[in-house]
Amino acid sequence: MTHLERLLLTLAIIFCSLAAGWSLRRLGDTGIRALSPARIDHLRHWLQTVAIFILIPLSAMLSLWGLPQPEPGLLALPLLGLASYICGGLLALLAARLLKLDRPQTGSFFCCGTFTNIGAVGGLVCLLFLGENSIALVALYRLLEEIYYFSIAFPIARWFGPDNRNQRLNFRAFRPGGMLIAIVCALLLGIALNLLGIYRPAPCSPIASASLLTATIFFLFAIGLTLRISRVWGYIPQSLTMCAIKFAGLPLVIIPLAALAGYGTYESGLPLRTAAILCSMPVAMTALVPPAMFRLDVDLANSCWIVTTCGLVLALPLLMLALPYL
């Protein structure tokens, strides 16, 4: 498969999955009882649960099990992922100041900067362009994702809410979530099987790839079920600024850090290329959760998510041209 074919396949999977979910919800809006809002919401919840607790952990475990000669230096990948979340949030706060956003808008903009779609879209791009071994690296890169999001990002977003103007930040509400427990257990099992030298059956490789691909389709279809595009036009400057952060600002910071960590020397540069892809992904759907919870600007977050996701049409070709030089 050529690079162009991989690019077209990636974009087709992303936008067809989103369009299918959006079309099903629109069909439900016509009044069909079998597609009532309650049933649509139940379907969305089921798809996300299967992807988070079964398909993604299974894919990560099988891929890490089959990773050839794991290097101790790769264990620093979670720190590189953490650096990308923090940097994205800081760049968003700086841009919000320059754009003169109010507190609720700044809180939403921060969420868009720090929450990145490295699980579904990032994992899919890595799988199609870098192969099955990159799945384990994606899992390592995002190991601290949920810890950071729920212990740091959520309290900061809450602080920007209208009810917390004069309150201090509180970072003591974190509790390990089910997603974190599932992915950590999968990683530990994959590492243990690898280090013990237990033979991985040949069918595990296609199963790992198929699991991640199915999880991505489930995630994007579920996102399409909630997609609202009517108010995007009111936030074009903010959304384009977020595109600059996601597709230019973060790569300019994270790719040199990955190179300094020596990831260009491992496995013919696979970890460096994986990090380059993951730090160049659009806003995650999770960025819409804190604005809804803490009375921030939901429309701003929704617009940034839609525009950056559509921005992949331009960002991915540029990324694919750059990868061979990393």
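Residues numbered from 1 in each chain as written. Predicted model: local features only at pLDDT ≥ 70, side-chain atom pairs only at ≥ 80, totals over all residues. Heavy atoms only, no water.

(A) Quick peek at the overall build of the protein. If you tally the helices and strands in the protein, you get 14 helices and zero strands. Shown N-terminal to C-terminal, the secondary structure of the protein runs as helices and strands in the order α-α-α-α-α-α-α-α-α-α-α-α-α-α. Overall, the protein is about 55 × 50 × 40 Å in size when its C-alpha atoms are taken along their principal axes. Counting every position in the protein, which comprises 326 residues, the buried fraction comes to 53%. When contacts within the protein are restricted to residue pairs at least 6 apart in sequence, long-range pairs at least 24 apart make up 86% of them. Total accessible area on the protein is roughly 14900 Å²; 69% of this is exposed by carbon and sulfur atoms. In the protein, 21 positive and 12 negative side-chain charges are present, and the distance between their average locations comes to 8 Å. (Helix = DSSP H or I, 4+ residues; strand = E, 2+ residues; numbered from the N terminus. Buried < 20%, exposed > 50% of the residue type's maximum accessible area, 1.4 Å probe, protein only. Contact = heavy atoms within 4.5 Å. Areas by Shrake-Rupley, 256 points an atom, 1.4 Å probe, with all protein chains shown as cover. Lys, Arg positive; Asp, Glu negative; His and termini not counted. Charge placed at Lys NZ, Arg CZ, Asp CG, Glu CD.)

(B) Quick peek at helix α10 (residues 236–260). For α10, with 25 residues, the first-to-last C-alpha span of 35 Å sits near the 36 Å given by 1.5 Å per residue. At Pro251, α10 shows its largest bend, some 40°. Turning to α10, its buried residues number three or more, namely Gln238, Ser239, Met242, Cys243, Ile245, Lys246, Gly249, Leu250, Pro251, Ile254, Ile255 and Ala258. The inward-facing, buried residues of α10 abut α3 (77–99), α4 (103–114), α6 (133–141), α11 (270–278) and α13 (298–310). (Expected span 1.5 Å × (residues − 1). Bend = angle between axes of the 7 residues up to and from the residue.)

(C) Representation of the environment of Ala51 in the model. Along the chain, the position of Ala51 falls in helix α2 (residues 37–65). Looking at Ala51, the relative accessible area reads 0%, which means it is buried. For the pair Ala51 and Ser211, spaced 160 residues apart in the sequence, the C-alpha separation amounts to 8.5 Å.

(D) Quick look at the packing of aromatic side chains. For the structure shown, the criterion picks out nine aromatic pairs. Between the aromatic rings of Trp46 and Phe218, the centroid separation amounts to 6.0 Å while the plane-to-plane angle is 45°, which identifies the pairing as tilted. Highlighted residues: Trp46 in helix α2 and Phe218 in helix α9 (residues 204–224), separated in sequence by 172 residues. For the cation-ring pair, Arg103 lies above Trp159, with the distance from its terminal atom to the ring centre recorded as 4.7 Å. (Phe/Tyr/Trp six-rings, centres within 6.5 Å; stacked < 30°, edge-to-face > 60°. Lys NZ or Arg CZ within 6 Å of the ring centre and 35° of its normal.)

(E) Spatial organisation of unusual backbone geometry. Although it is not a glycine, Lys100 adopts a positive phi angle of roughly 60°. Within the secondary structure layout, Lys100 lies in the loop between α3 and α4. Not every positive phi belongs to a glycine, and Glu267 is a case in point at roughly 45°.

(F) Local environment of empty space enclosed by the protein. Counting across every chain of the model gives one cavity of 30 Å³ or more. A volume near 70 Å³ is recorded for the largest cavity. Taken together, Ile56, Ser59, Ala60, Gly119, Ile135, Val138, Ala139, Arg142 and Leu212 form the lining of the largest cavity. Of all elements in the fold, only α2 and α6 reach the threshold of two or more residues within the lining of the largest cavity. Here the lining of the largest cavity is built from residues that sort into six nonpolar, two polar and one charged. (1 Å grid on protein atoms, 1.4 Å probe; cavity = no way out; pocket = protein on both sides within 12 Å on 5 of 7 lines; lining within 4 Å. Points joined across faces, edges and corners; volume = space filled by probe spheres on them. Nonpolar A, V, L, I, M, F, W, Y, C, P; charged D, E, K, R; others polar.)

(G) Focus on a nonpolar patch on the surface. The grouping of Leu252, Val253, Leu257 and Leu260 at the surface amounts to a nonpolar patch, some 410 Å² of accessible area in total. Inspection of the secondary structure assignment puts Leu260 in helix α10. By relative accessible area, which is 74% here, Leu260 ends up exposed. (Patch = residues over 30% accessible without salt bridge, like charges linked within 9 Å, V, L, I, M, F, W, Y side chains within 5 Å. Salt bridge = Lys/Arg side-chain N within 4 Å of Asp/Glu carboxyl O.)

(H) Representation of the nonpolar core within the structure. Ranked by internal contacts, the top residues of the largest apolar core, which has 92 residues, are Phe109, Tyr141 and Leu316. In this structure, Leu62, Ala186, Cys204 and Ala208 belong to the second largest nonpolar core, which totals seven residues. (Core = buried A, V, L, I, M, F, W, Y, C linked by side-chain atoms within 4.5 Å.)

(I) Looking closely at the state of the cysteines. In total, this model carries zero disulfides according to the counting rule given. Left unpaired, Cys243 is separated from the closest cysteine sulfur, that of Cys304, by 8.0 Å. Judged by its relative accessible area of 12%, Cys243 falls in the buried class. (Disulfide = S-S within 2.5 Å.)

(J) Looking closely at the pattern of salt bridges. As enumerated under the stated definition, the model contains three salt bridges in all. Where Arg200 meets Glu132, a salt bridge forms, and the shortest distance between an N and an O atom there is 3.0 Å. Of this pair, Arg200 sits in the loop between α8 (178–195) and α9 while Glu132 sits in the loop between α5 (121–130) and α6, placing them 68 residues apart in sequence. Grouping residues by exposure puts Arg200 and Glu132 together as buried. Among the salt bridges present, the one from Glu145 reaches Arg142, with a minimum N-O distance of 2.8 Å. For Glu145, a relative accessible area of 9% puts it in the buried group. For Arg142, a relative accessible area of 11% corresponds to the buried category.

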